[in-house]
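# Descriptive analysis of the structure
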Amino acid sequence: MFELANWKNAETLWLNITNGSLGLLTIGLLAWIIGGSIREFIHHYREAHIKH
């Protein structure tokens with residue numbers, strides 16, 4: 001049916017490269033957002049538990 005793993009065809013080659021790049025970008029951005037959320041949570045947690 002569809003041969004997306006055909007690396008010899010120029011059209012599917014660029015489709016695979018584009019999809020792979022977008023997938024890596026998505027994973028990177030999700031990791032960045034999740035990491036920022038965790039850092040923000042830790043910052044608020046530590047700030048709330050500081051004894052004066």
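Above this note sits the structure.
For clarity, every value in this text was computed on a predicted model and none was experimentally measured.

Let us look at the overall build of the chain. Summing up its helical and strand segments, the chain has 1 helix and 0 strands in all. By the burial criterion, 6% of the 52 residues in the chain qualify as buried. With the model as given, the accessible surface of the chain reaches about 5100 Å², and the carbon-plus-sulfur share is 69%.

Once that is clear, we can look at the packing of aromatic side chains. Counted under the stated rule, the structure contains 1 aromatic pair. Taking the centre distance of 6.3 Å and the plane angle of 25° together, the rings of Phe-41 and Tyr-45 count as stacked. Note that Phe-41 and Tyr-45 are positioned in helix H1 (residues 10-48) at a spacing of 4 residues, about one turn of the helix. By relative accessible area, Phe-41 is classed as exposed at 57%.

The next thing to look at is H1. Compared with an ideal rise of 1.5 Å per residue, which puts 39 residues at 57 Å, H1 spans 57 Å between its outermost C-alpha atoms and is within 8% of the ideal. Of the residues making up H1, those classed as buried are Thr-12, Asn-16 and Gly-35.

Cut-offs and rules
- Residues numbered from 1 in each chain as written.
- Predicted model: local features only at pLDDT ≥ 70, side-chain atom pairs only at ≥ 80, totals over all residues.
- Heavy atoms only, no water.
- Helix = DSSP H or I, 4+ residues; strand = E, 2+ residues; numbered from the N terminus.
- Buried < 20%, exposed > 50% of the residue type's maximum accessible area, 1.4 Å probe, protein only.
- Areas by Shrake-Rupley, 256 points an atom, 1.4 Å probe, with all protein chains shown as cover.
- Phe/Tyr/Trp six-rings, centres within 6.5 Å; stacked < 30°, edge-to-face > 60°.
- Expected span 1.5 Å × (residues − 1).

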